[in-house]
2 protein chains.
Amino acid sequence: MTPKPTLAVVGATGAVGSAMLQMLTHHADVWGEIRLVSSPRSAGRKAPVRGVECEILALDEDAFEGVDLALFLVPEPVAARWAPVAVAKGAVVVDTSAAFRADPDVPLVVPETNPHAARVRPRGIVASPGCTTLALIVAVGALHAEFGLAELVVTAQQAASGAGAGQAGVEALRAQLGLVAGGGDLGTHPGDVRRAIGENTGPFPGPLALNVLPWSGTPGADGASSEEERVRDETRRVLGLPGLRVAATCVRVPVITGHSVSVHARFEHPVPLGRAHEILATSPGVVLYDDPAAGDFPTPADVVGTDPTWVGRVRRSMDDDRALDLFVCADNLRKGAALNALQIAESIVTAL
Amino acid sequence: MTPKPTLAVVGATGAVGSAMLQMLTHHADVWGEIRLVSSPRSAGRKAPVRGVECEILALDEDAFEGVDLALFLVPEPVAARWAPVAVAKGAVVVDTSAAFRADPDVPLVVPETNPHAARVRPRGIVASPGCTTLALIVAVGALHAEFGLAELVVTAQQAASGAGAGQAGVEALRAQLGLVAGGGDLGTHPGDVRRAIGENTGPFPGPLALNVLPWSGTPGADGASSEEERVRDETRRVLGLPGLRVAATCVRVPVITGHSVSVHARFEHPVPLGRAHEILATSPGVVLYDDPAAGDFPTPADVVGTDPTWVGRVRRSMDDDRALDLFVCADNLRKGAALNALQIAESIVTAL
């Protein structure tokens, strides 16, 4: 009997790392040693996994000694530097940052959607898509598999914890809520919310409490934001449709965790509405929650902390038998980050 | 010299009524008597208009005696009952409710977009569109006039004051903010926000603070909400495009006032991007505010309390020279209700 593989969790102390340790505790235990790794700043602290307090190691070359699989839950520059080090030490890397998502030698994988892509990894690295793509791709991918996706127009309502440094976004939003709650008629005069919040915008380009911000990420090409380009590029890669027509708008909303996406999709083939419901009701990783008259539709506050992609508001669009509108919600720290990476890792070690 | 016309403001005490009285005070004064009318409950109270405290009259037949133009800022059933009474008394009615918006004998008017439609009013009534249509129609209409609109996919982020009884929505959201502000880790576990808010959902079908709700209005046909059907039907009527392909999703967001809409538009003719910017920068009622790298994009918190439709994030969509994406914001109580109705009224009395 082969010994169980050794796992390294790099970035064990962040919001995504914390979700990852919970999942490792609750998922079927396929791992031998689990090694927690973080920046030198957090090294020496302890964190609980599988019911045991584990000491956190500093990120250096030795941390990857004997590691079979390394989960990277760290910002892009850290992943870009250290993932190749882990690979050189013999580990397969699953990276949640954007560092390798556009690299043609790094597969971009969603286990429910393109599981086979994880088998070919010329650089020893598998990338996990961004949280906004992951909010929509499982549901859209299930429909694509039967009807062939032709065009996608999406507006994503992104939660605060999806912003760059997740915790900073959450803290900023909480601070802002404290400043506007009870604030008389705040939200009724031009700029009054902006003045109340002052410098407390955190990582956001403006006040988020009592507001929505139609901008996230950095400037991309042709007026798009980097987040919008990612949704387009990652969706194309995961679905294997390099020429897919995608229009994406990313809007930050005052929600702690839970991305939601309004989706308009056009397909190559006619989509019987009943069959679309059936597919969404039976696809792995998807929960169909769709009876708006009874109050059944997914919202971020209800799906936060859960694993699946929740889908509701599924309906015919434009009287066009090839077009559907739907609304999806998923936890951006779980399926949007930790869970997808762990699913990739589990599929790899199961096949080792 | 003809005497100045007599105006009745029906529904003078609500949120829209209050915005209307402010506007009547600040706009060029084309009116003789201004008569404030409300439900018997508010009758006898006073409200300020043009610097004078006016007594509020109870809504009855006599209230329309000698009235030339009656602005109706009341719920649909009240308008359906009393607008014909005002017409029978000789007034032209401008109605902001949905009561007459689908009536082929009642023109649906946005003065910047289809001003001439107000001239033919077989029933003596002119209707003003709903606040979500009004948030997008001036900007989209200006582009349509030059390029011919072919298809519209929109996701509207609706503010609390746009919900049925506006003030109830605002009060519910404020109460909810008080319940979640400072609430430790609220927003991180499934249903925790729902539990914290309990029965305090007000007119909304779930918790709105720290959440978004993909449902507003009542159930329409084929899974759409009444709000989504209105955006489609009203846009078609105002633009005179009965077969226009429209996909609309309406999402309620925790914003006090200020609707915003993510718009994907496809046109009949190629749209040079520079020309699109030029049209939006010079169209009456539109402000182009579009330099996201410098933080310039419209948000509800910044445009609330202002008259224009603010437009940003204007960009090429899908590498298609006939497609644009843009983001618009407008105050749902002003351009979305009171202002549009007053503009219609002013255009009518100027032509009398």
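Going by the annotation in an unreviewed UniProt entry, the name recorded for chain A is aspartate-semialdehyde dehydrogenase, with Streptomyces exfoliatus given as the source organism. A UniProt comment under Catalytic activity (unreviewed entry) is attached to chain A, and it reads "L-aspartate 4-semialdehyde + phosphate + NADP(+) = 4-phospho-L-aspartate + NADPH + H(+)". Of chain A, the UniProt comment under Sequence similarities (unreviewed entry) reads exactly: "Belongs to the aspartate-semialdehyde dehydrogenase family."

Student: Can you help me understand the packing of helix α3 (residues 131–147) of chain B against helix α9 (residues 334–351) of chain B in this one?
Tutor: A pair of packed helices is characterised by two quantities: the angle between their axes and the separation of those axes. Residue and element names in this part refer to chain B. Interaxial distance between α3 and α9 falls to 8 Å at its minimum, and their mutual angle equals 85 degrees. In this view, α3 runs roughly perpendicular relative to α9, as classed from their interaxial angle. Along its contact with α3, which presents Cys131, Leu134 and Val138, the element α9 presents Lys335, Gly336, Ala337 and Asn340. A breakdown of the residues in the contact of α3 with α9 according to their chemical character gives four nonpolar, two polar and one charged.

Student: Mind showing me how you'd approach the packing of aromatic side chains here?
Tutor: Two measures describe an aromatic ring pair: the distance that separates the ring centres and the angle between the ring planes. Applying the stated criterion across every chain, the model contains six aromatic pairs over all chains. Between Phe64(A) and Phe72(A) the ring centres are 5.8 Å apart and the planes differ by 10 degrees, which places this aromatic pair in the stacked class. The exposure classification of Phe64(A) matches that of Phe72(A), with both residues buried. Seen in terms of ring centroids, Phe147(B) and Phe267(B) are 6.0 Å apart; in terms of plane orientation they differ by 75 degrees. Their pairing is edge-to-face. You can see Phe147(B) sitting in helix α3 and its partner Phe267(B) sitting in strand β10 (residues 259–267), a full 120 residues away along the chain. The pair formed by Phe147(B) and Phe267(B) is uniform in burial state, with each residue classed as buried.

Student: Teacher, can you tell me more about the pairing of strand β12 (residues 309–317) of chain B here?
Tutor: Consecutive side chains along a regular strand alternate between the two faces of the sheet. All names here are of chain B. Burial of β12 is extensive: eight of the nine residues sit out of reach of the surface. For β12 and strand β13 (residues 320–330), the ladder comprises six bridges, and the chain directions are antiparallel. The residue bridging Arg316 from the neighbouring strand is Leu324, located in β13. Linkage of β12 to β13, two consecutive antiparallel strands, is achieved through a turn of two residues, within which Met318 is found at a positive phi near 60 degrees.

Student: Explanation requested: the UniProt feature "domain: Cyclic nucleotide-binding" (unreviewed entry) in chain A in the structure shown.
Tutor: Taking the UniProt record as the reference, the feature "domain: Cyclic nucleotide-binding" (unreviewed entry) is found at residues 28–67 of chain A. For residues 28–67 of chain A, helix accounts for 0% and strand for 40%, while the C-alpha atoms at its two ends are 19 Å apart.

Student: Looking at this model, I keep getting lost on helix α9 (residues 334–351) of chain A. Mind explaining?
Tutor: Think of an α-helix as turning once every 3.6 residues; residues three or four places apart then point the same way. Of all the bends in α9(A), the largest measures some 35 degrees and sits at Asn340(A). Where burial is concerned, most of α9(A) is hidden: 15 out of the 18 residues are buried.

Student: Can you help me understand the pairing of strand β3 (residues 46–49) of chain B in this one?
Tutor: Residues Ala47(B) and Val49(B) line the buried face of β3(B), whereas the alternating positions Lys46(B) and Pro48(B) sit on a face that is not buried. Hairpin connection of β3(B) to strand β4 (residues 52–58) of chain B: two residues between the antiparallel strands, including Arg50(B) at a positive phi of 50 degrees.

Student: What is the right way to read the sheet that holds strand β13 (residues 320–330) of chain A from this model?
Tutor: Within a sheet, each strand pairs with its neighbour through backbone hydrogen bonds, oriented either parallel or antiparallel. Residues and elements named next belong to chain A. On the basis of which strands lie adjacent, the open sheet formed by six strands has the order β9-β8-β10-β13-β12-β11 and mixed pairing. Pairing within the sheet leaves two strands with one partner each, and these edge strands are β9 (245–252) and β11 (286–288). In this sheet, neighbouring strand axes are inclined to one another by 25 degrees on average, regardless of whether the strands run parallel or antiparallel. Across the sheet, helix α6 (residues 226–239) lies against β8 (149–158) and β9, angled at about 135 degrees from β9, the strand it touches most.

Student: Help me understand the relation of the copies chain B and chain A in this model?
Tutor: What connects the two chain copies is a rotation about an axis and a shift along it. Overlaying chain B with chain A gives an RMSD of 0.0 Å, the required rotation being 180 degrees about an axis along which the chain moves by 0.0 Å. What the superposition gives is, in effect, a two-fold axis relating one chain to the other. Interface residue correspondence from chain B to chain A reaches 100%, placing this contact among same-surface, isologous pairings.

Student: Would you mind going over the interface of chain B and chain A with me for this structure?
Tutor: Note: interface size is frequently given as the accessible area lost on complex formation between the parts. Taken residue by residue, the interface counts 68 residues in chain B and 68 residues in chain A. Three residues stand out in chain B for area buried against chain A, namely Leu210(B), Pro214(B) and Met318(B), and they jointly supply 12% of the buried area on that side. At the boundary of chain B with chain A, the tally comes to eight salt bridges. Two residues, Arg194(A) and Asp302(B), come together in a salt bridge whose shortest N-O distance is 2.6 Å.

What counts, and at which threshold
All residue numbers here refer to positions counted from 1 along the written sequence of the relevant chain. Note on labels: chains are lettered from A, ligands numbered from 1, in written order. Side-chain atom pairs in this predicted model are given and counted only at pLDDT of 80 or more, local residue features only at pLDDT of at least 70, and totals for whole chains, interfaces and linings cover all residues. Side-chain measures were taken over the full set of non-hydrogen atoms in the model, leaving aside hydrogen atoms and water. UniProt positions are given in the numbering used here, feature names are shortened, and annotations may be inferred rather than shown by experiment. Only the contacting stretch of a helix is used when fitting its axis, a line to C-alpha atoms as for every element, and angles between N-to-C directions run 0 to 180 degrees. Under the DSSP-based scheme used, a helix requires at least four consecutive residues in state H or I and a strand at least two consecutive residues in state E, with every element numbered from the N terminus. Angular relationships are summarised with four words: roughly parallel below 35 degrees, roughly antiparallel beyond 145, roughly perpendicular across 65 to 115, and oblique for the angles in between. By definition in these notes, contact holds between two residues if any of their heavy atoms fall within 4.5 Å. In this classification, the charged set is Asp, Glu, Lys and Arg, the nonpolar set is Ala, Val, Leu, Ile, Met, Phe, Trp, Tyr, Cys and Pro, and all remaining amino acids, among them Gly, are polar. Working definition: rings of Phe, Tyr and Trp (its six-membered ring) pair if their centres are within 6.5 Å, and the pair is stacked with planes under 30 degrees apart, edge-to-face with planes over 60 apart, and tilted otherwise. Here the term buried applies to any residue with accessible area under 20% of the maximum for its type, exposed to any over 50%, and partly exposed to those in between, with areas from a 1.4 Å probe on protein chains only. Two strands are said to pair when DSSP picks up at least two bridges between them. Two axes enter the definition of the bend at a residue: one is fitted to the seven residues ending there, the other to the seven starting there, and the bend is the angle between them. For the least-squares superposition of copies, only C-alpha atoms count, and only for residues with pLDDT at least 70 in both. When two parts are put together, the accessible area they lose, computed with a 1.4 Å probe and summed over both, is reported as buried area. By definition here, a salt bridge exists when the distance from a side-chain nitrogen of Lys or Arg to a carboxyl oxygen of Asp or Glu is within 4 Å.

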